[in-house]
Structures are given as structure tokens and as C-alpha cells.
Amino acid sequence: MTSPYAPHIDAEAQAMLDAVGVDDIEALFDVPDSVAFDGEFGIQSRGEREARREAAKLLGRNDDLTEFLGRGHYAHYVPSVVDDLASRSEFLTSYTQYQPEVTQGFLQALFEYQSMLVELTGLDVANCSMYDEATALGEAVTLAQRVRSVSGETVLVPDHLREDKRAVLENYADGPGLSVESYPMADGQADVDALAEAVDEDVVMVYAETPTVRGVIEERLADIGALADDHDALFCLGSDPVALALLERPADVGADVVVGDAASLGTGTAYGFGLGMFATREEYLRQVPGRLVGASEDGEGRRAYTLTLQTREQHIRKERATSNICTNQAWVALRAAIHAAWLGPDGLVELAEDCVTRPRDLAARLDDVVGIQAPVHGGHHFREFVARTDQPARAVAGDLAGEGYAVHTVGEHLIQVSATEVTAEAEDGLVGALTEVAK
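Residues numbered from 1 in each chain as written. Predicted model: local features only at pLDDT ≥ 70, side-chain atom pairs only at ≥ 80, totals over all residues. Heavy atoms only, no water.

Draft legend 1. Looking closely at the nonpolar core. Counting 65 residues, the largest nonpolar core has Y113 and F235 as the members making the most contacts within it. Top element by residues in this core is helix α11 (residues 330-367). It accounts for 14 residues. Discounting chain neighbours no more than four positions away, the residues touching F235 are V206, A208, L221, I224, G225, A228, V253, G254, A255, D256 and V257. Counting 28 residues, the second largest nonpolar core, distinct from the first, contains A173, L178, V180 and M205. (Core = buried A, V, L, I, M, F, W, Y, C linked by side-chain atoms within 4.5 Å. Buried < 20%, exposed > 50% of the residue type's maximum accessible area, 1.4 Å probe, protein only. Helix = DSSP H or I, 4+ residues; strand = E, 2+ residues; numbered from the N terminus. Contact = heavy atoms within 4.5 Å.)

Draft legend 2. Up close: the packing of helix α6 (residues 133-147) against helix α7 (residues 163-174). The geometry of α6 relative to α7 is characterised by a closest axis approach of 8 Å and an angle of 35° between their N-to-C directions. Handedness of the α6/α7 crossing: right-handed. Facing α6, whose interface residues are E133, A134, T135, L137, G138, E139, V141 and T142, α7 presents K165, V168, L169 and Y172. Of the residues belonging to the contact of α6 with α7, the class tally is six nonpolar, three polar and three charged. (Axes fitted to C-alpha atoms, helices over the stretch in contact; angles between N-to-C directions. Left-handed = near helix turned anticlockwise from the far one by under 90°. Nonpolar A, V, L, I, M, F, W, Y, C, P; charged D, E, K, R; others polar.)

Draft legend 3. Representation of the layout of surface pockets within the structure. Computed from the structure, the largest pocket encloses a volume of approximately 330 Å³. As for the largest pocket, its lining consists of 18 residues, of which M116, E119, L120, A340 and L348 are closest to the centre. Among the secondary structure elements, those contributing two or more residues to the lining of the largest pocket are α5 (104-121), α10 (241-244) and α11. Here the element with the most residues in the lining of the largest pocket is α11; it accounts for eight residues. Partitioned by chemical class, the residues of the lining of the largest pocket number 16 nonpolar, one polar and one charged. Roughly 250 Å³ of internal volume is contained in the second largest pocket. What lines the second largest pocket is a set of 15 residues, among which Q114, V125, L285, L292 and V293 lie closest to the centre. No other element matches the four residues that α5 contributes to the lining of the second largest pocket. Here the residues of the lining of the second largest pocket sort into eight nonpolar, four polar and three charged. (1 Å grid on protein atoms, 1.4 Å probe; cavity = no way out; pocket = protein on both sides within 12 Å on 5 of 7 lines; lining within 4 Å. Points joined across faces, edges and corners; volume = space filled by probe spheres on them.)

Given below as C-alpha cells:
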């Protein structure tokens, strides 16, 4: 009945139970017997040495594959300076910076991260507390629903949108009563003519991606932005910081909101763990979810940093909150900022250029393999491309896994391959393995 954090004497606990009309604490919970704790964990007691041996045995069951995987999770080399600086105790143990006077260093780092996103996107405001790209997209939709001047219930997204991202989006859209509908793709890019027929006054937001989920650089972003603007819909663009170092700025093609995953810098592939990127125009400042770090001056005229805007329900009245997003992604944003600063403007552009030339060259090599045609889509690619297989794609991918290489299967005869500097030394092996298994 008692807790070291919230102690209650029996009389106090009984008074609270009486107030809600139940007899005991167990009545407050509806836990199925199949998952209810029965007092035993069922874990064999082991010493440290035996526990380490058991953990090593368990981890040894993992497949040891060289991953040419992408579709939202990308492997870039993370310099050791990121771990060294981000692991300092003042960063690693910090949570939300509620007391700015004692967290100036961390707040400055987050301010620099926001400034980098502003420079890359050309928009006015960026924050540093989105979970991942899917939730950032969901927050963009709810922002659009709040700021659009006329009624509307439809959100248009690419037909190639990843299923997991769409599921999160639909969850966000369900609350305000919005519906998510798809527009067609053509050769890996948006079918702008079909999109034009789909956009009407009922559309709240149009979402596009560059690169697309199939790695194709979208060529008609300005046309998509114009379509959205003509119908008073918000234009939301999905991308990532590395791509934006080379591609046209979203603000220059009419984007109102930019979302994506910034964890391609500072974190590497983390299999679901990400860093949501969110930037928008200044006119939507008070509708931005999460929190913003701003620069000001203290009483002595010195530059000082603080949480300028906090619009989540923990900080302000619930009816005025824009979001209940709570988990602090500041440490991951810090890692991205350190990585970007370590690369510098020229290094970031060089990395982005490598993300164009490397998949192009690898696709050309795979196209020479009997039974493979690559890339399937025309236009320029970034990091990844889709290849057609004469043999069933699942069989080809399975045989590749047997040879130690992992690729995505995206169709009955389609595989997707991602190539970055991390996989450079394994490209010869992948080509050789495909030569054997794709016949």
C-alpha cells in the first residue's frame, strides 16, 4: 500500500478508494489473467559470469548480415566525437531544460540544431522534440487542421507512403475527424496530373517526399506546392538533413511544413528509434508542437538561452495545448547537431553528393548482372534504388541473406537497395552474390 515516492497510510488509501467507489486497489485495474503477474518472474537465478554467457548465447542467434537496407533508416558513419561529447554527464543525464539558468550549454546546442534546420529548410521556425518522422507528420496534419482558414477533412499522401508511417498518420488524423487518402505515383515520383484532379477545397494538407520512399528525387515539388496553395491547403514536405544539404530548399518550392527523420546524422540505423524533424513558417509559430529554444539576454546583457515556447499540455492549459507530445528528444538532437557541426557545410554537401553517385554507380553494376534490371525508375536517386529481378524477389532476397546480405523486398519482382559510405566495402560482395542468386 505504501511507496517510498508516494507514501500513504492505510486510512488515506481507504479514503481514496471510498471516494472512487471501489473496495480495493485491484478493482482499479482490469488485467487479463494471461498477462497478470503471479509473483514469479520465471527467470533462473544466475551469477554474473553465467548471465553474461547466457546473453552472449542469445545474441549469437542474430543473423550477421551486411545491410543494404534503407526506406527511412540509413547507415552513415558517425564520428567518435559524437559519442565522446554526447556522453558527457551534463548531456547524458539531462531531461527537459526546465531551469535554463543551469542548462545554458545544452540549450545553446539545441538552439544551434534548430538553426541548422532553419538554414537547410529555408523556413523560419524549427523545434527539437519530435519522436520520429511519423509523429512529426502526424503533428503537421493536426497543425494544418488548426490553421486552415476553411473547412476540410482530407489529407493527401503518396501512394508509396510506408505502411508504418501511414498507420501513425491515420491515428493522428482520427481525433480531429480527418481522412487520409492516396494519390498515384508515376515512375517513383508523384503523378502531378493525377494529384491535380484529387486536390479540391476539401483538402487540408498535401504531403510529398523527396527523396521518395523508393529513393527517387522528386522533380516537380514547386508544382505540388502550387497545387496546394491554389486550394488553400498546407504543403508538407518530407525529407532529411543530408538530402536537404544538396536539394532545393523546401521554402523555395512553397513548403509550409517540413518533416522527416534527422537521425541520419548522429545516430545511424537504430531500427525504429529516430529524431523527428519539424520546421514551419513563422506565422504558425504558436501552433508548433513540443518546445522551442530561443536566444535572449539576461539581466546583465549577456546572451542567454531559454525555452521560449512550450505548447504541450504539461506546460499550459489543456484547451490551449497544441499537442500532448512529451518525450524529450533533445539528446538525439544534440547528437545530430554535433555530427553536422563536425562535417561542416562542405562536408555535409560532400556526404549528400556521395548519396547520389554511390547508388547510381551500384545500380549500373547490378544492371550488368543477368536477371537484374536497375534502377527501375528514371530520374536521379538518393541513397537507394529499386531493381527488378527475373526470379521472385523474396527468393532472391532469401538467397542473398544466405550469402550474408540484406535487401528489402518491395514487390513480387522488386528489391530495394540502399548504398552509403558504410556499405562501400561490401558492394563487390553484393554484386558477386547477386550474380550467383539472380540467374
